[in-house]
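If you want the building blocks of each chain, they are given just below.
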Amino acid sequence: MDKVFIVFRYILCLLGAAALLYTFSYPDTLLPPNPVMEEAKGWSLYSIKPVIWVIPVLFMEIVCLAGPRKNLVWFSALFTVLAVALILYPLLAAYRPEYIEPTFPYQDDMLSKGLVYFVAFTGISVAVRIMLLAHMFPAEDLQDQIEVGYVSASALDPGKARTVREIAAEEKGPAPRFRFKAGDARLALRFKLVMKRMMMRSRMANAGLGAGILLIILWFALFPQPTAEEALQRDLKLMLQHRLTPQGYPLATRAAAHAAARVMLHISDHESFAGMSPEEAEQWLGLDKLPGHLRAQLRDSRPIKVASANTMHEIRTRFFTITDGTHLCVLYVRTNDADGRIIISELQEAGWNAVADEARRRMNNDWGAFYR
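Values in this document were obtained by computation on a predicted structure and should not be read as measured data.

Colleague: Give a description of the overall build of the chain that names residues and reports values.
Modeller: Scanning the chain from terminus to terminus reveals 14 helices and five strands. Taken over 372 residues, the chain has a buried fraction of 33%. Excluding contacts between residues fewer than 6 apart, the proportion of contacts in the chain whose partners are at least 24 apart in sequence is 62%. Surface accessibility of the chain: about 24600 Å² in total, with carbon and sulfur atoms responsible for 65%.

Have a look at this one:
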């Protein structure tokens, strides 16, 4: 039952360690940025957001204190989560980079920074729990070992001291005689074999642990990552994934919204559409291969309201729009009046961070009022 209880506590502590890594990496998913709460005075749930990671730490501490082998449960959970994170990291970086790096600068630090915080926390735990606390509060068995050679002051009383002659004259007991027979030799040999097996198992366990750590490090460091062109082609395919609402309206998946944001950022930063006709730009995006109703939705050019800016009276044209119902990415273009070819492409996004959207909307209105 003791072993079962330790396993149960390990599972609970493992959940706490996973929650700790999550709070380090994605705090905005737990408490989304809210412009109202940013300006509110007094205490609120958002006041604990900078230290929200303390909650899973306290949960882990309570679980560890609930029984024996506290450090075993604590570090087993931390190192298990760390190993899983290192295994998943290169896979996510290759196929779902939005979990590794922020798509926009105002987002969370994501797993790239969260993993650094988690490793730092694990290192501090080793220093505090194994070195500092173990020195300040030694275990009971260690305390017993310390007290083995303890002699009370009464046993060293000079008044009870004896001379060398008195000690030599003391009656001696019979001297012990040791006899080793054939049976004793076989017993000693069996003992040696048992100890040899134990040492071999210990060495194999240490070798297996070292090999596992080395494999994880090699996996993390050597897993092939896509080139910039391969990543672009991946995102071009991924951004067209969609799902149907109960009303039959197609919406992009969450992964497609992030992929679309990366594609539009690439187009805007590199002016990929400069000199292209709208038809050539559609072909570049792969829209010519889509069903007519889905293509018409993505290419809808009617003005829409964007939370991060006032675009109702823009001279730009809405060219390509993708949304998952929460996140919005719009690619605006400006064309040459002479031949209708695209001159400039610009990305306008909204719904990723309400505080950033409100700040940009206010700045947009101030600039608009200044130039009117």
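Colleague: Any chance you could break down empty space enclosed by the protein for me, citing the residues and the numbers?
Modeller: Per the counting criterion, the structure on display carries one cavity of 30 Å³ or more. Taken as a whole, the largest cavity holds about 80 Å³ of empty space. For the largest cavity, the lining is made up of 13 residues, of which His242, Leu251, Ala252, Leu294 and Leu298 are closest to its centre. Mapped by element, the contributors of at least two residues to the lining of the largest cavity are strand 2 (250-252), helix 13 (292-298) and strand 3 (317-323). Residue composition of the lining of the largest cavity, by class: eight nonpolar, five polar and no charged.

Colleague: Give a description of the confidence of the model for the chain that names residues and reports values.
Modeller: Mean pLDDT over the chain: 85, with 87% of residues reaching 70 or higher. With pLDDT under 50 throughout, residues 141-146 is counted as low confidence; its partners more than four residues away or in other chains account for one contact.

Calculation criteria
Residues numbered from 1 in each chain as written. Predicted model: local features only at pLDDT ≥ 70, side-chain atom pairs only at ≥ 80, totals over all residues. Heavy atoms only, no water. Helix = DSSP H or I, 4+ residues; strand = E, 2+ residues; numbered from the N terminus. Buried < 20%, exposed > 50% of the residue type's maximum accessible area, 1.4 Å probe, protein only. Contact = heavy atoms within 4.5 Å. Areas by Shrake-Rupley, 256 points an atom, 1.4 Å probe, with all protein chains shown as cover. 1 Å grid on protein atoms, 1.4 Å probe; cavity = no way out; pocket = protein on both sides within 12 Å on 5 of 7 lines; lining within 4 Å. Points joined across faces, edges and corners; volume = space filled by probe spheres on them. Nonpolar A, V, L, I, M, F, W, Y, C, P; charged D, E, K, R; others polar. pLDDT = per-residue confidence, 0-100.

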